[in-house]
There are 2 protein chains.
Amino acid sequence: MSKQTVTPSILPGFMELLPSDQLLFNKMLDTIRSTYETYGFVPLDTPTIEKSEILLAKSGGETEKQIYRFNKGDNDLSLRFDLTVPLARYVAQRYNDLTFPFRRYHIGKVFRGERPQKGRFREFYQCDIDIIGNENLSIINDAEILSVIYSTFKALGFDEFTIRINNRKVLNGFFESLGITEKADVLRTVDKLEKIGEGAVTEELKALGLKDEAVEKILKFIKLKGSDAEILQSLRDMRVENELFQLGLEELNKVSEYIRYFGIPEKNHGIDLTIARGLDYYTGTIYETILDKYPSIGSVCSGGRYDNLAQNYTEKKLPGVGISIGLTRLFYQLREAGILAAEKKATPTKLLIIPMKGTMDFALDFSTKARQAGIPTEVYLNEGKMGKMFGYADKLGIPYVVVVGEDEIANGQLKLKDMDTGEQNVMTVAEMIEKIRSVK
Amino acid sequence: MSKQTVTPSILPGFMELLPSDQLLFNKMLDTIRSTYETYGFVPLDTPTIEKSEILLAKSGGETEKQIYRFNKGDNDLSLRFDLTVPLARYVAQRYNDLTFPFRRYHIGKVFRGERPQKGRFREFYQCDIDIIGNENLSIINDAEILSVIYSTFKALGFDEFTIRINNRKVLNGFFESLGITEKADVLRTVDKLEKIGEGAVTEELKALGLKDEAVEKILKFIKLKGSDAEILQSLRDMRVENELFQLGLEELNKVSEYIRYFGIPEKNHGIDLTIARGLDYYTGTIYETILDKYPSIGSVCSGGRYDNLAQNYTEKKLPGVGISIGLTRLFYQLREAGILAAEKKATPTKLLIIPMKGTMDFALDFSTKARQAGIPTEVYLNEGKMGKMFGYADKLGIPYVVVVGEDEIANGQLKLKDMDTGEQNVMTVAEMIEKIRSVK
């Protein structure tokens, strides 16, 4: 009887990795996680499935279209499309059990049924941190968030990246001073400067009904360049008579000042008046992070300050500041750009023990000792020729192999083979464990 | 204008934890993960959403009813309901890219739309390992899996637990020898012995149409007790004339023999002929793990050997052996049983630095040094009275607090407060970092 089989495949727009890539991906995930924890952020995990009325409390056109929504029994359910809405719901729901400022990180998958296209995923990891205050939250937190971004990308092995900051109040205040009412549209247009260029931005601004003079002023404004001190001075010199602008200028000044205390090198951050962030709930500091050599990748870590996290779920005023790293997309892009070196390693195993006839008990006992010393260890448990066993170690990128024979056991002298160099060294079990443990 | 708010809540049957419990949960998850890795299992991550035709290739009544299935565009989609079916699909799909035996672990959420009831969850973590062979896989792997279970529960802090093993061939061969054709029903009934008792099992077996003599023999068989050696001898003494039975007996004998080589204490394992496991794809060794003092929790880690992992997706013969820990349920039950001590700790932070007026730069610099030494550190960045700041440390269970004033900086002598003992010790920044780093 021949069985009918279904061709194994996954849906387009979903990332699935082979072991070597998965190890690389997890290493990045772990690095982000441990960096977040050194800043005292507490992990959170919320359900993947929530009530649609909760996730769509603040509905927007794009969200409604992209969300995975379905019924089961009488329930109208949705898969979370970000980690911010669940955070808002969580903080509102658990308000009395939490201590504020509430510092949480959340690393988890979110789901968006977008049209599949290169580098866009329907299921992807977000790595978020947020600091939520009760009624108020000092501006120094905005500088600390920048320090977390810096430490995270340094820990990920990057050196040449720039964290750009701006302030929504500065932008909105400036636009107000020009008599512009449709600030959101102007923000979105300004945000595209890097992508579409000055000419196109000019056209778009004019198309929004702005007068030539206003467009000119906006372009001059967003093109202000220099050190933080220079840009701040230029902004002061503009003498914009708008309260919001002045408030934002004060905030930007403070954040810039505190960044120095956190010891972040000048080359890794700077005020950039062109960044605006699309999301309309940001109300103060905003962040973007650019890999200097790969600006086309776009921002790899973004976020900002908001006045009111959970207004859809509570009357409590909960201001906060946070950022997000879209790790699935970042991983994909780093690989596409050739930044991620292809890893040969396809296992965590550091030591493969190959037992010859009659030595299984010794080999297994050895493996237990090695594991207790923290060394990921395998014993080759299956039958096969020696070549096949070494081939196994080679294909998986296991760095050390030891063949255990009865003679070697009798002598107490085993040969450890370094698979990279081919070198073989005779040593005792204890010496091997010591050696492998000392190797990164 | 008063805004309309939606009452924040989650769906029944979904677990969501407060920070202190989440830290405990993650600690268990990390322990499982690192134990799996010391055995050389490679992490895998598959999409949460797959094609329904893939996940339901081998459909069963219960699965069809429980699965979260929905349409998006033209796609018929489902959320994975276990990690085994995605593994089968993965191995069949990536067959040419994998090295066999393929050892993978997968820790992730799965989804089952069950009727909500106490201790049952619709979204829960499974922590699976499997070893997949190509065409064949040595029986020694079955002993190794038992060693992984042992190491995992030891690492989780358990001491009194028993890993019970049995063999499906022994069971099926024995039933065959009695002329029973509907083995699956008998297996399911036998599996309930502990739950429903001998009387009820007798009734159910009779209801299945078994003769009194067969029922009596089955009961006598499953009640065989003693050491592994004793049980194996009793089985041999039964002289069952059935090839499958004898094959299973041989396997059980080997597994029991190799377990000794792995150094697993006698008290933590044993053959138990009553365990049968519901799933019908097991064909050899089967495992259950019982917490000795809390047998009512049932098996906390189960699994077994199967002949053919991916028969729905490939003609290749892929035998394997694996286990699963249902961590969400286990966590819930440990807490219900009072086994998990309530943790006060609601943050990873070990050190809280409280800056007095004019010392923010020093405090932030100190925090950077502490973090670089691997100490999760927070600076209290917000305004408030001293009492509130210490209250923050106290509520979160932060073990050390240091108040930084201008005098202390001038002297180079800061006071570190141990929040548990109330003790204060004067030391330098370097001494503090050294002390906190040395504390677990």
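Reading guide: rules and limits
Residues numbered from 1 in each chain as written. Chains lettered and ligands numbered in written order. Predicted model: local features only at pLDDT ≥ 70, side-chain atom pairs only at ≥ 80, totals over all residues. Helix = DSSP H or I, 4+ residues; strand = E, 2+ residues; numbered from the N terminus. Buried ≥ 20, exposed ≤ 12 C-beta atoms within 10 Å, placed from the backbone. Contact = placed C-beta atoms within 7 Å. Nonpolar A, V, L, I, M, F, W, Y, C, P; charged D, E, K, R; others polar. Pairing = 2+ DSSP bridges. Axes fitted to C-alpha atoms, helices over the stretch in contact; angles between N-to-C directions. Left-handed = near helix turned anticlockwise from the far one by under 90°. Parallel < 35°, antiparallel > 145°, perpendicular 65-115°, else oblique. Domains from an automatic or database assignment. Least-squares fit on C-alpha atoms with pLDDT ≥ 70 in both.

A. Looking closely at the overall build of chain A. Regarding its fold elements, chain A presents 16 helices and 16 strands. Across its three principal axes, chain A shows a C-alpha extent of roughly 90 × 55 × 45 Å. Burial statistics for chain A: of 440 residues in total, 44% are counted as buried. Pairs at least 24 residues apart make up 68% of the contacts formed inside chain A by residues separated by at least 6 positions.

B. Region of the structure containing the interface of chain A and chain B. Each partner contributes residues to the interface: chain A has 79 residues there, and chain B has 79 residues. Its residues assigned to classes, the side of chain A that touches chain B comprises 33 nonpolar, 25 polar and 21 charged.

C. Focus on the sheet that holds strand β13 (residues 377-379) of chain B. All names here are of chain B. Spatial strand order, β13-β12-β14-β15-β16: five strands in an open sheet with mixed pairing. One side of each edge strand has no neighbouring strand; the edge strands of this open sheet are β13 and β16 (424-427). Ignoring which end each strand starts from, the neighbouring axes of this sheet average 25° apart. When strand β12 (residues 351-355) meets strand β14 (residues 400-404), the two strands line up parallel, connected through five bridges. If you follow L352 over to β14, its bridge partner there is V401.

D. Structural view of the packing of helix α1 (residues 19-38) of chain A against helix α5 (residues 140-155) of chain A. All names here are of chain A. In the contact formed by α1 and α5, the axes pass within 9 Å of each other and the chain directions differ by 145°. Two packed elements cross with a definite hand, and for α1 against α5 that hand is right-handed. Within the contact between the two elements, α1 uses T31, I32, T35 and Y36 and α5 uses V148, S151, T152 and A155. Across the contact of α1 with α5, the residue classes tally to four nonpolar, four polar and no charged.

E. Spatial organisation of the packing of helix α10 (residues 228-237) of chain B against helix α11 (residues 243-261) of chain B. Residues and elements named next belong to chain B. Between α10 and α11, the least distance of the axes is 11 Å, while the angle of their chain directions is 165°. In terms of their interaxial angle, α10 and α11 are classed as roughly antiparallel. Crossing hand, α10 versus α11: left-handed. Here D228, L232, L235 and R236 of α10 lie close against α11, whose contacting residues are L249, L252, N253 and S256. Here the residues of the contact of α10 with α11 sort into four nonpolar, two polar and two charged.

F. Representation of the domain arrangement of chain A in the model. Residue and element names in this part refer to chain A. Taken domain by domain, chain A comprises domain 1 (13-151 + 307-314 + 324-343), domain 2 (161-292) and domain 3 (351-438). Inter-centroid distance (C-alpha atoms) of domain 1 to domain 2 is 26 Å. Contact with domain 1, which involves eleven residues of that partner, is made by 16 residues of domain 2. Here the residues of the side of domain 1 that touches domain 2 are counted per class, giving seven nonpolar, one polar and three charged.

G. Region of interest: helix α4 (residues 84-93) of chain B. Residues and elements named next belong to chain B. Burial analysis of α4 places nine of its ten residues in the buried class, the great majority of the element. Residues of α4 that are buried include every one of T84, V85, P86, L87, A88, R89, Y90, V91 and A92, and no others. Residues of α4 that are buried make contact with β2 (49-51), α2 (52-55), β5 (102-111) and β6 (123-132).

H. Focus on the relation of the copies chain A and chain B. Rotating chain A by 180° and moving it 0.0 Å along the rotation axis overlays it on chain B with an RMSD of 0.1 Å. The superposition operator between the copies reduces to a two-fold rotation axis. It is F70 of chain A whose C-alpha, among those of chain A, lies nearest the rotation axis, at 3.0 Å.

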